[in-house]
There are 2 protein chains.
Amino acid sequence: MSGVRPTILDLAALCGVSPATVSNALADKPNVKAETRDLVRRKAREIGYHASSAARGLRLGRSWSIGLVVGDIANPFVPDVVRGVEDVVWRERKNLILCNTDFQAEKKTAYVRSLLDKQIDGMIVLSQILDAQDMERVAAAGIPLVTVNRRAPDFSTDYVGIDNQSGVRMAVDYLVSLGHRRIAFVKGLFRSSSADDRFAAYQAAVQAHGLDGDPSLAVQGDYSMESGDSAARSLMALSQRPTAILAANDLMALGALGALHDLGIRVPADVSVVGFDNIQLAEHPLLNLTTINHPKRETGDAAARLLLQRIAGDRNEPPRSVVLKPSLIVRGTTAPPPSTPKPRRRRPVTVRGTGDGG
Amino acid sequence: MSGVRPTILDLAALCGVSPATVSNALADKPNVKAETRDLVRRKAREIGYHASSAARGLRLGRSWSIGLVVGDIANPFVPDVVRGVEDVVWRERKNLILCNTDFQAEKKTAYVRSLLDKQIDGMIVLSQILDAQDMERVAAAGIPLVTVNRRAPDFSTDYVGIDNQSGVRMAVDYLVSLGHRRIAFVKGLFRSSSADDRFAAYQAAVQAHGLDGDPSLAVQGDYSMESGDSAARSLMALSQRPTAILAANDLMALGALGALHDLGIRVPADVSVVGFDNIQLAEHPLLNLTTINHPKRETGDAAARLLLQRIAGDRNEPPRSVVLKPSLIVRGTTAPPPSTPKPRRRRPVTVRGTGDGG
DNA sequence: TTGTAAGCGTTATCAT
DNA sequence: ATGATAACGCTTACAA
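On a predicted model such as this, the values are computed, not experimentally measured, just so you know.

Peer 1: Which parts of the structure should I look at to understand the relation of the copies chain B and chain A?
Peer 2: Relating one copy of the chain to the other takes a rotation about an axis and a shift parallel to that axis. For the match of chain B to chain A, the screw axis carries a shift of 0.0 Å, the RMSD comes to 0.1 Å, and the turn is 180 degrees. Both chain copies can therefore be described as sitting about a two-fold axis. Interface overlap between copies is the fraction of interface residues in one copy that are interface residues in the other; for chain B against chain A it reaches 100%, indicating a shared surface.

Quick look at the structure:
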């Protein structure tokens, strides 16, 4: 009702001590008599005293909150990472300021400035790159920064990512082991480092295996389901179709799955599909997508740990990187290509579809 | 590099005016000469001056951030609502503090206190109820609060929700129109007001239509996919099976879909399935779930608007409610029950599955 | 139109 | 072991 909260002076008066002593008592400083400490604590609880964050923030120059910059929280990949971050951050009772940039440079910049004004303790940037000016501002403010999934081009920061190359390599190796030779690739967002990494890895793997290097097998996507849909359609319109489609993320793979279904093309009997990320719904029995697992929660966890260490410790130590390992999750969207002799070694595969299977 | 940001005194000195004038200039107060204003602004931009949030927060008793309390950000329903909130809140350049409670009462309480310490401008609580003590604290601090999807039991706050009853009613009506008489219901989380509403609506609709009221047709779930899976399995184990399953949310409906697929039961030929919420992936061609649309983004939007109005305006006005309208989205998981004469009126239905359809 | 000064609620320094 | 005091950076009366 009242809207007035007790200040440290109220509490001090109530306890008959000075505000300094209250502060010390509450902070568990050694120089305060046990009885006094207990008295202060008891009274504090009684009147529901809590220090004002603004006041201590002003005094101490910190805010006990960390900024989390994401492109689109509604992308199913993102919330899992956020959970990992939140979990760690909450243990130190820091708050998370969620900044959804919608991939707009302007909004990103504005958010960064807002975070700096708030004197955040640190910042995590997920699947995005800050432009040079923003980076400079963050550095000038001395705010620890961890980038996730995209490396900063020139400035070096703490970084958490996944070994995209080995992930893609595992997928291609597996498809090859099933007998595929014409493997298409749906690229991720234009000019994203993770997308570039994955595409480069695909090209390297194609070369290493001596596969069909037909450039029309690589089509541009943008990590969205729609782009996976149209990618699959254009691939299936090719005079010489691929027997397998590897997408740079699950959303596009699922889009491809939908398109193939619409086109009446059977998966995996006619075409195999592999995704990347292993989002939650990929394991639904009706989707049952073979994919590369991206340890999402661990990613968030690692990013938060790196950040907290940097906040607590020496800011001048060289930047650290955590590169997590992907793993292949074989489900039901992969099988040997049609009319192929038994492949060399075929892993057990869950049959999908209602009586389609191979 | 430096880590020292310019203060208002620096800027004042630089401009050869007093800090008060700088403050007024930057705040566009009328009592400042145009030239002075422009000078101050230019210099401010030059040296990159931004007021410290902590300082003005302390002075003004506000923080330009709003707390968003969710149970689990990884639940696909949640991020869409968050997007709606973020969009509106960002327009006023307020920040969002994301609090993920994991549905733990303790964590919820701790987060609320932390938010109050931060002097947040307002608070949105999504699909959860604060306990009486927390509510009291929020009220005592005079912090505007909007609850979403769950009404506060005793305290009355601003509220945004959906008309659960009419949503469920639409689903049941539709199933009945297809010819179903034995319609099962998978209940949502125990002791959640939205789950209760939906279940009550189901019961009412069953009664209104004079359907089979067999109590074993109502099984308890918890809004998770797993619970939908086991619910469907237990329903299919019934000696007299339902011909349709209505789940209190999409996740459970998808779980049911998976279970039915595993059991070799065809959807919708043998059993129809209807969800609630219309999460993004429900429209995937391979899932193609008939469901009730919950306007998620609009929900977040409305909640944020309500909150901002309350922050800006009179706090003593009576609480307002926004109740959004659900709508039926007919997709491929619904059809007339097996061996039924043509239903009275059958809406066009996308056939799903690979040649299952009816 | 501008400047002076008080005060927001803490914590740290320095006395006592 | 405790207390007085200054300072953090800002905004707003009020004075000039």
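Peer 1: Honestly, the pattern of salt bridges in this entry has me stumped. Any pointers?
Peer 2: Pairs can form between side chains of opposite charge whenever their charged atoms are close. Here the structure, examined in full by the defined rule, presents 50 salt bridges over all chains. Of the charged contacts in the structure, one is a salt bridge between R137 of chain A and D134 of chain A, with a shortest N-O distance of 3.8 Å. Taken together, the positions of R137 of chain A and D134 of chain A, both in helix α7 (residues 132-140) and 3 residues apart, correspond to about one turn of that helix. In this structure, the salt-bridge partner of D158 of chain B is R310 of chain B, at a minimum N-O distance of 2.8 Å.

Peer 1: Which parts of the structure should I look at to understand the sheet that holds strand β2 (residues 95-100) of chain B?
Peer 2: By way of backbone hydrogen bonds, the strands of a sheet pair with one another, either parallel or antiparallel. The strand order β11(A)-β5(A)-β4(A)-β3(A)-β1(A)-β2(A)-β2(B)-β1(B)-β3(B)-β4(B)-β5(B)-β11(B) describes an open sheet built from 12 strands, whose pairing is mixed. A single partner strand is all that each edge strand has here, and the edge strands are β11 (321-324) of chain A together with β11 (321-324) of chain B. Each adjacent strand pair in this sheet contributes to an overall mean axis angle of 20 degrees, direction not counted. In this sheet, β2 of chain B lies alongside strand β1 (residues 65-70) of chain B in parallel orientation, the contact comprising 6 bridges. Each bridged residue has a counterpart across the sheet, and for G67 of chain B the counterpart in β2 of chain B is I97 of chain B. Where helix α12 (residues 296-312) of chain A meets the sheet, it contacts β1 (65-70), β3 (122-126), β4 (145-148), β5 (158-162) and β11 of chain A, and its direction lies at approximately 170 degrees from that of β5 of chain A.

Peer 1: Just to check I follow, could you spell out unusual backbone geometry for this structure?
Peer 2: Glycine aside, negative phi is the norm for most residues, and most peptide bonds take the trans geometry. Residues and elements named next belong to chain A. Along the chain, V267 connects to P268 via a cis peptide bond; the corresponding omega equals 5 degrees. Examined against the element boundaries, P268 turns out to sit in the loop between α11 (250-262) and β9 (272-277). Positive phi outside glycine occurs at D28, with the angle close to 65 degrees. Within the secondary structure, D28 is located in the loop between α2 (19-26) and α3 (34-47). With a phi close to 75 degrees, Y223 is a non-glycine residue in the positive phi region. The residue Y223 is located in the loop between β7 (218-220) and α10 (225-236) in this model.

What counts, and where the lines are drawn
- Residues numbered from 1 in each chain as written.
- Chains lettered and ligands numbered in written order.
- Predicted model: local features only at pLDDT ≥ 70, side-chain atom pairs only at ≥ 80, totals over all residues.
- Heavy atoms only, no water.
- Least-squares fit on C-alpha atoms with pLDDT ≥ 70 in both.
- Contact = heavy atoms within 4.5 Å.
- Salt bridge = Lys/Arg side-chain N within 4 Å of Asp/Glu carboxyl O.
- Helix = DSSP H or I, 4+ residues; strand = E, 2+ residues; numbered from the N terminus.
- Pairing = 2+ DSSP bridges.
- Axes fitted to C-alpha atoms, helices over the stretch in contact; angles between N-to-C directions.

Geometry only, nothing functional implied.
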